[in-house]
Each structure stands twice: as structure tokens, then as C-alpha cells.
Amino acid sequence: IRKRLSLPTASWSIDGGPLPAATQQTFGRSAKLMAYLYTRGEVTGPMIAAAGNFFDALGSEIEAHQQALVERLSTDIVTANGTAADITGILYQITTDSSLYTAAGGAGQVIDAGGAYLTLNMIDKAIDGSTLSNGMNVATQSADTLVQTLPFLRYINSLLQAQQRFMSEVEVAAGFRVASYDGLPIMVDNHWQDNTKLLTFNRGAATLLVHKDWTYEELAKTRDSVDFFIKGYFGFKLEGAASLLINFIIPSDI
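In this numbering scheme, every chain counts its residues from 1 along its sequence in written order. Local features in a predicted model are, by the rule used here, given only for residues with pLDDT of at least 70; side-chain atom pairs are given and counted only at 80 or more, and totals for whole chains, interfaces and linings are based on all residues. Neither water nor hydrogens contribute to the side-chain values; these are computed over all heavy atoms in the structure.

(A) Structural detail: the overall build of the protein chain. Only DSSP runs of H or I covering at least 4 residues are called helices, and only runs of E covering at least 2 are called strands; the numbering of each starts at the N terminus. Broken down by element type, the protein chain carries 5 helices and 12 strands. The contacts of the protein chain with a sequence gap of at least 6 include a subset with a gap of at least 24, amounting to 69%. In these tables, accessible area is a Shrake-Rupley quantity obtained with a 1.4 Å probe, and a residue counts as shielded only by the protein chains included in the view. Accessible surface, the protein chain: about 14300 Å² in total, of which carbon and sulfur atoms supply 53%. Throughout, a residue-residue contact means that at least one pair of heavy atoms, one from each residue, lies within 4.5 Å.

Shown next, in the form of C-alpha cells:
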């Protein structure tokens, strides 16, 4: 992955003065490990025959395995820590990985609420933390997404109503309309249910690296069944500015 190492410079001059010396941005390379995701299934010949024209037993099983792959990948994009032959997700790239992304205070901008109830000011600080430019890899790339859960969404709505403000909607890619805060879409992730953390990052800087897309293959027959597996080779990179707000409280009755 190409990584910007430095930016060109600018300088003032006087009327009729000489032009500054030419400067250029410089680039290097950074690597992300690929990870390999598999699922294996089997449907016996008698099951396929018994299903007959009622339903496609093999097709139904393949579809279920495809869904299992999508669910696992969707979860790990946020939560995987790279220690079990998996990818490294957003949470861990913010807190531990500075190979492509740095911000003030370390690998990522982590803001600790100290166990206090969530406030709009905390959310604003999280957004501010993800608009810091590192001046290196993706300069001045600001957050355009908040990721949280449904209770978080309901609580923000109640906080805004207390100030006679109301939650609006914005349209994101693929034409989906979602709730927003300060113009930023709030993406509810059903694969990550943590009401004590808030992710803010730029969607354009979060990229799934596809080395090999989903591929179906049948295994050699050793008995009266169709034995198959589905695989995909992926990596994940988070660039630019991002932040993680942690250790806040949402009322349990929300």
C-alpha cells in the first residue's frame, strides 16, 4: 500500500524575489497481511433426493454458508484483532496500528469518557479527534461516519430534543437514508453491540482489500454426499484520521 511520507512545502517571498526551491511529496510502502476466510459444508445424497422438488437442499445449504461468511467478515471489519489468523479491524487499527495511520497521542485518537454519562460534548470531541491531520498519509481527511448501536441512537435523539434540536437524516452510498448528527451519518452496526464505544472515521479511508473474492469449490467424494467449501482472501486498512470514544454510559432504560 502506498503511503505518503512527507508533503511539499510553501514559503513567502518579496516583490521580485526569487522563487523557492522545488519540493515534492515523498512516498513509501506499507504492508497489510492478508487473511483467509473459509466455511465448509456437506449435504448427503439421500437428503438431496428426499428434498426432491420441494426445495433445493444443496442450494439452501450453500446460501446459508455464504451468509455465515458475510456475517463473520462484517463483524471482523470492526472487531478482529489480528491474533487468530484474522484481519485487524477498525477498533484495533485505531488503538494499536500506526503503519498507515497516526493522530495526536499515538496510533489513534482514543478519548476516555471516564465512566460518565454520554453527552453531546463528548460526541463533538470524538468528531474533532477524527479530523486531525497527521500531515503524512492522508492529510486533512476528516471523519464522515459515526458507528454505534440502536440504544446510542435513541439516546442521542433524547439529548437533542432536550435542546429543542432534532435528529435529521442523510443519504449514504447505495441510496440508504440514515440518521445523522451534525451532518454525519450514524451507521448502526448489528454485528457490533457495544454501548460503551463510539467509532468515528472516514469511510473513504477504510478499505477492504480483496485478494480473492468469494469462491465455491467442491471437494473430492469420499462418501455419498456433496462436500464443499467457500473461501475468500481479504485484508483491511484504515487510513487518515479516526477516533474512538470509550468508557461512557447510556441509561439502561433507553
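Next comes the rest of the description.
(B) Fine view of the side chain of glutamine 93. Examined against the element boundaries, glutamine 93 turns out to sit in helix H3 (residues 90-96). The term polar contact refers here to a pair of N or O atoms within 3.5 Å; inside protein, the definition further demands a hydrogen-donor-capable atom paired with an acceptor-capable atom, and it admits residues adjacent in sequence only when both atoms are side-chain atoms. Here the side chain of glutamine 93 touches phenylalanine 236 through a polar contact of 2.8 Å, landing on its backbone oxygen. At 3.0 Å, the side chain of glutamine 93 and the backbone nitrogen of leucine 238 are in polar contact.

(C) Seen up close, helix H5 (residues 150-162). A rise of 1.5 Å per residue sets the reference length of H5, with its 13 residues, at 18 Å; its end C-alpha atoms lie 19 Å apart and thus fit the reference within 8%. Each residue's exposure class comes from its accessible area (1.4 Å probe, protein chains only) as a fraction of the maximum for that residue type: buried when under 20%, exposed when over 50%, partly exposed otherwise. Residues Pro151, Phe152, Leu153, Tyr155, Ile156, Leu159 and Leu160 constitute the buried set of H5. Buried-residue contacts for H5 involve helix H4 (120-129), strand S5 (145-148), strand S7 (177-181), strand S8 (184-188) and strand S9 (197-201). Here, expected helix span is obtained from the residue count minus one, scaled by 1.5 Å.

(D) Layout of the sheet that holds strand S3 (residues 35-44). Pairing within the open sheet is antiparallel, and its 3 strands lie in the order S3-S11-S10. Each edge of the open sheet carries a strand with a single partner, namely S3 and strand S10 (206-218). When strand polarity is set aside, the average angle formed by the axes of neighbouring strands in this sheet is 15 degrees. A pair of strands counts as paired when DSSP detects no fewer than two bridges linking them. Relative to strand S11 (residues 225-238), S3 runs antiparallel, the two sharing 10 bridges. Interaxial angles span 0 to 180 degrees and are taken between N-to-C directions of axes, which are lines fitted to C-alpha atoms, for helices over the stretch in contact.

(E) Spotlight on the pairing of S10. Pairing analysis gives 10 bridges linking S10 to S11, with the strands arranged antiparallel. Each residue of the ladder has a partner; that of glutamate 218, found in S11, is phenylalanine 228. Taking the residues that link successive antiparallel strands as the turn, the S10-S11 hairpin has 6 residues.

(F) Layout of a nonpolar patch on the surface. To count toward a patch, a residue needs a relative accessible area above 30% and no salt bridge. Like charges then connect within 9 Å, nonpolar side chains (Val, Leu, Ile, Met, Phe, Trp, Tyr) within 5 Å. One side-chain nitrogen of Lys or Arg within 4 Å of one carboxyl oxygen of Asp or Glu is enough to make a salt bridge. Side chains of Met47, Phe54 and Phe55 sit close together on the surface and give an oily, nonpolar patch of about 390 Å² of accessible area. Mapped onto the fold, methionine 47 is located in helix H1 (residues 45-51).

(G) Expanded view of the pairing of S7. Counting buried positions along S7 yields 4 of 5 residues, so the element is predominantly enclosed. Bridge count between S7 and S8: 2 bridges; the pairing is antiparallel. Residue pairing in the sheet places serine 180 in a bridge with proline 185 of S8. Once S7 ends, the chain turns through 2 residues before running back antiparallel as S8, passing aspartate 182 with a positive phi of about 55 degrees.

(H) Summary view of the pattern of salt bridges. Taken as a whole and judged by the stated rule, the model has 6 salt bridges. In this structure, the salt-bridge partner of aspartate 194 is lysine 197, at a minimum N-O distance of 3.1 Å. In this structure, the salt-bridge partner of glutamate 217 is lysine 231, at a minimum N-O distance of 3.1 Å. Of the two residues, glutamate 217 sits in strand S10 while lysine 231 sits in strand S11, which places them 14 residues apart along the sequence. With relative accessibility at 30%, the residue glutamate 217 sits in the partly exposed group. By relative accessible area, which is 10% here, lysine 231 ends up buried.

(I) Up close: the packing of aromatic side chains. Aromatic rings from Phe, Tyr and Trp, with only the six-membered ring used for Trp, were paired whenever their centres fell within 6.5 Å, and each pair was classed as stacked if the ring planes differed by under 30 degrees, edge-to-face if by over 60, and tilted otherwise. Enumeration over the complete set of coordinates arrives at 5 aromatic pairs. Ring geometry for tyrosine 36 and tyrosine 233: centres 5.0 Å apart, planes at 85 degrees, overall edge-to-face. With tyrosine 36 in strand S3 and tyrosine 233 in strand S11, this residue pair connects regions lying 197 residues apart in the sequence. Residues phenylalanine 152 and phenylalanine 248 carry aromatic rings whose centres are separated by 6.2 Å and whose planes lie at 55 degrees to one another, so their mutual orientation is tilted. Residue phenylalanine 152 is found in helix H5, and its partner phenylalanine 248 is found in the segment after strand S12 (243-246); the two are separated by 96 residues along the sequence. The same class applies to phenylalanine 152 and to phenylalanine 248, which are both buried.

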